Amino acid sequence: MFGDKLKEARLAKTKQAEISSKADVRNTTISNWEKGVSNPDVEIVSSICEILDVPASYFFEGMASKEILSFSEKEHIKNIAA
């Protein structure tokens, strides 16, 4: 799940407050992502990758097939990971 990967990478690097400040979102938003309550927009994933110094593929490897992404989301992820 995206939230688990986000929390793992964040704990190794920084605090929620730093991510929220740099990504221009609220701390509660980061918390909701980590808990799986919601997910970031695809556009924000790029910022998160830069902040945490991880490739986009880190978040999407091993995703269950029931987690469906639209074609444009897949293309955006592919472009970020390239």
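Just above sits the structure.
Keep in mind the model is a prediction, meaning the values are calculated, not measured.

S.K.: I'm lost on the packing of helix α1 (residues 2–13) against helix α3 (residues 27–35) in this one. Help?
M.R.: Relative placement of two packed helices is described by the angle separating their axes and the distance separating the axes. Direction vectors running N to C along α1 and α3 enclose 120°, while the axes themselves pass 6 Å from each other. Between α1 and α3, the interaxial angle falls into the category oblique. Counting all contacts with α1, which are made through Gly3, Asp4, Leu6, Lys7 and Arg10, the residues of α3 involved are Ile30, Trp33 and Glu34. Tallied by class, residues from the contact of α1 with α3 come to 3 nonpolar, 1 polar and 4 charged.

S.K.: What's the story with unusual backbone geometry in this structure? I'm lost.
M.R.: Leaving glycine aside, a negative phi is the common case for residues, and trans is the common case for peptide bonds. Phi angles above zero are rare outside glycine, and aspartate 24 is one such case at about 60°. Judged by relative accessible area, which is 70%, aspartate 24 ranks as exposed. A positive phi angle, close to 55°, is found at aspartate 53, a residue other than glycine. In this fold, aspartate 53 is placed in the loop between α4 (42–52) and α5 (56–60).

Rules used throughout
- Residues numbered from 1 in each chain as written.
- Predicted model: local features only at pLDDT ≥ 70, side-chain atom pairs only at ≥ 80, totals over all residues.
- Heavy atoms only, no water.
- Axes fitted to C-alpha atoms, helices over the stretch in contact; angles between N-to-C directions.
- Helix = DSSP H or I, 4+ residues; strand = E, 2+ residues; numbered from the N terminus.
- Parallel < 35°, antiparallel > 145°, perpendicular 65-115°, else oblique.
- Contact = heavy atoms within 4.5 Å.
- Nonpolar A, V, L, I, M, F, W, Y, C, P; charged D, E, K, R; others polar.
- Buried < 20%, exposed > 50% of the residue type's maximum accessible area, 1.4 Å probe, protein only.

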